[in-house]
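Descriptive structure summary
This is what each chain is made of:
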Amino acid sequence: MSLLFPYRENGREQTCIITFSIETISDILGTDSVNTTFIINDSDELLCHPETERILRGESLKNDPLVIEMRRNNQNNNDSRQIPYKVQDENGKKSRYYGAYEKLSFGDIVILTTVPFDTILEGVRTTRKNNIYLTCIVFFLSIMFVLIFSRLGISRHLRKLTEAADEIKNGNFDTDIITNLNTNRRDEIGVLNQSTKDEREFLNLFAKFTNRGVAKAIARKEIDFDPHLKDVTIFFSDIRGFTAISDGFKNRFANDSPREIIAFLNDYMSRMVNCITLSHGNVDKFEGDAIMAVWGLLRDDSLDFEKLPDSDSAKKEQQELHEKHKKEDALNAITGTIAMRYALMKYNKDAELFTKAHENEPLAQYKPHIKIGCGLNSGRATCGIMGSEDKMEYTAIGDAVNFASRTESSNKPCGTDILITEDTYNLLKNDYIRCKENGFSIAEENKPFEIVVEMIPVEFEVKGKGAQHFYGVVNMPGFDIEAFFRQGDPDFTADKDCIKAVGAEGPKTLNEVRTMLGIPIPEFEKVNLNEEENKIQVKK
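Residue indices follow the written sequence of each chain, beginning from 1 at its first position. Only residues with pLDDT of at least 70 get local features here, since the model is predicted, and only at 80 or more are side-chain atom pairs given and counted; chain-wide, interface and lining totals rely on the full set of residues. Side-chain descriptors were evaluated using all non-hydrogen atoms of the structure, hydrogens and water having been removed beforehand.

**Quick word on a nonpolar patch on the surface**
For patches, a residue must show more than 30% relative accessible area and have no salt bridge; joins then use 9 Å for like charges and 5 Å for nonpolar side chains, namely Val, Leu, Ile, Met, Phe, Trp and Tyr. Surface accessibility in these figures is a Shrake-Rupley result with a 1.4 Å probe; residues are shielded only by whichever protein chains are displayed. Any carboxyl oxygen of Asp or Glu within 4 Å of a side-chain nitrogen of Lys or Arg constitutes a salt bridge here. Together, I132, Y133, I137, F139, F140, L141, I143, M144, L147 and I148 make up a nonpolar patch on the protein surface, roughly 990 Å² of accessible area in all. Inspection of the secondary structure puts I148 in helix α4 (residues 117-169). A run of H or I in DSSP counts as a helix once it spans at least four residues, and a run of E counts as a strand once it spans at least two, with each numbered from the N terminus.

What follows is the structure, encoded as structure tokens:
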């Protein structure tokens, strides 16, 4: 291709001819597989094109969409511009292109370049695609972070809170799940954890002021606030000569005596209450130095079966189950009371050591050596919430309760530490006490729970019950001291000096119990019970 530039020099017309190789021009213009660059003249004929044959045949581009647009824009004196346009192929399919042209200032030559629209947008689309991918990755990582954070930082702690709430709901106030709640967090979870621990402390305090079994039943929503008749076993205990013991504290400590007396009573009662709790009983109340407890108080055992006709098979089944529960309550009550004998001996040993350790101190602290009497009676009582809106308690009342109290007070004239009524004896005699009714033998499976008793050789006239006998509890030969107390303290070890209280090394007769505990053997022919206090009298 040649470019001719006419000019005048020294009055003569001259022409400068510049000859180019088309291939060289194409290389200069940078035509490649992505874009197509070509040159046309003022007649729209191809001067330069990557496809040389199109130049040689003198192809005209008058109808080329880009050229048409360029000529149209030429009217606006646009020397260069970038414009989108469409090209329709033989099959009628339209393709989008992006074209650019530049008009040279000489020779009316135009350089045009076309690029497929998709090629131009490829980078944009790639960037957009990458942005979408990046957004998805960031979104995924954000979700993962939120999930992990919520699981580790929130959900895990909420699950622990839920477990703690469930434990409280089930009456398990001292579980480690609540103890291990993290209260060092400064967020809402930390506040909730602290609130849960505070609630646990309140419930434990509430249980101490009422009754742990009742508190648990309330938490579980198992307690029926309506009064009901129930067959239960009632326990009373009392410290012998407590008035004299109290006077001894007052004489020694004067104004400080209340603190010393309460410390002594708390030590003693905590040991007794532990025995009641481990044997599934419920402490009803403390009256000075006396303790009242009930076994079966919270058992949901309806007596509606008694209204069924005798021909109804369901009545027999429910009655048998009810009798089984009554026996379990009575057996548990005696088991807990027998355990108290060991606990009392251990208290007296510890009290002696405590007193000796402080004997040289001014106003030396001491704990007295004590004896107690325990009475058990099984019978029907009215059980429920009693009191006022300001003060209420869940308790049992009735003749069976009164008789249990009278039984406890009869220990002193009977020379015993544990007395049971004939009603309790009759519940257990066939299965756990060797007697005439069972041929002085008990089933093999009941031997670990065998109870040895002796009938008090005085017949009492009980108001509303007629002639009755009390029975002094001698021992439970199969009682395992360590197994019993390890229910509450896995590291418990029995004291070698006190294991003679119960079990295989325990007493064999009531007189051995009296000798062991320092109780005088009574002369029953001279026994004269106070009728006003005990509501019983010796039958002559």
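Back to the write-up after that little detour.
**Some remarks on the pairing of strand β9 (residues 282-287)**
Put simply, side chains in a regular strand alternate between the two faces of the sheet. In this scheme, strands are said to pair when DSSP sees at least two bridges between them. Relative to strand β10 (residues 290-295), β9 runs antiparallel, the two being bridged by five bridges. Paired with V283 across the two strands is A293, which belongs to β10. Here β9 folds back onto β10 in antiparallel fashion, the turn holding two residues, of which G288 has a positive phi close to 65°.

**Quick look at the side chain of D329**
When you line up the elements, D329 lands in helix α10 (residues 313-357). The contact rule is simple, with two residues in contact once any of their heavy atoms fall within 4.5 Å. When near neighbours in sequence (up to four residues on either side) are disregarded, D329 contacts D231, T233, W295, G296 and R299.

**As for helix α15 (residues 510-517)**
Burial classes follow relative accessibility: with a 1.4 Å probe on protein chains only, a residue under 20% of its type's maximum area counts as buried, one over 50% as exposed, and anything between as partly exposed. Of the positions making up α15, those classed as buried are L510, V513, R514 and L517. What you see down the axis of α15 is that its buried residues fit within an arc of 100°, all on one side. Buried residues in α15 make contact with α10, α12 (411-414), β14 (452-455) and β17 (471-475). G518 lies just past α15 and shows a positive phi near 75°. Regarding the arc, it is the one traced by the directions from the helix axis to the C-beta atoms.

**Details of the confidence of the model for the protein chain**
Note on scores: pLDDT gives the predictor's confidence for each residue, bounded by 0 and 100. Looking at the protein chain, pLDDT values average 85 and 90% of them are 70 or higher. Confidence drops under pLDDT 50 across residues 529-538; counting only partners more than four residues distant or on other chains, this segment forms 28 contacts.

**Let's talk about the sheet that holds strand β6 (residues 94-103)**
Each strand in a sheet pairs with another by means of backbone hydrogen bonds, the pair being arranged parallel or else antiparallel. If you walk across this open sheet you meet the five strands as β4-β3-β7-β6-β5, and the pairing is antiparallel. The open sheet terminates on both sides in strands that have one partner only, identified here as β4 (46-48) and β5 (80-88). With direction set aside, neighbouring strand axes in the sheet form an average angle of 35°. Pairing analysis gives seven bridges linking β6 to strand β7 (residues 110-116), with the strands arranged antiparallel. The partner of A100 across the bridge, within β7, is T113. Lines fitted to C-alpha atoms define the axes here, with helix axes fitted over just the stretch in contact, and angles between the N-to-C directions of these axes take values from 0 to 180 degrees.

**Details of the packing of aromatic side chains**
Stacked, edge-to-face and tilted labels apply to pairs of Phe, Tyr and Trp rings (six-membered ring for Trp) whose centres lie within 6.5 Å, assigned for plane angles under 30 degrees, over 60, and everything in between, in that order. Under the defined criterion, the tally for this structure stands at 14 aromatic pairs. Ring centres of F253 and Y366 lie 6.3 Å apart, and the angle between their planes is 10°; this geometry places the pair in the stacked category. One end of the pair, F253, is in helix α8 (residues 242-253); the other, Y366, is in the loop between α10 and β11 (372-387), and 113 residues separate them in sequence. Of the two residues, F253 and Y366, neither departs from the other in class, the shared state being buried.

**Some remarks on the pattern of salt bridges**
All chains considered together, the criterion is met by 28 salt bridges. Across the salt bridge formed by R380 and E306, the nearest N and O atoms sit 2.8 Å from each other. Of this pair, R380 sits in strand β11 while E306 sits in the loop between β10 and α10, and the two are 74 residues apart along the sequence. A network of salt bridges, in which partner residues are shared, links D267, R271, K346, D350 and K367.

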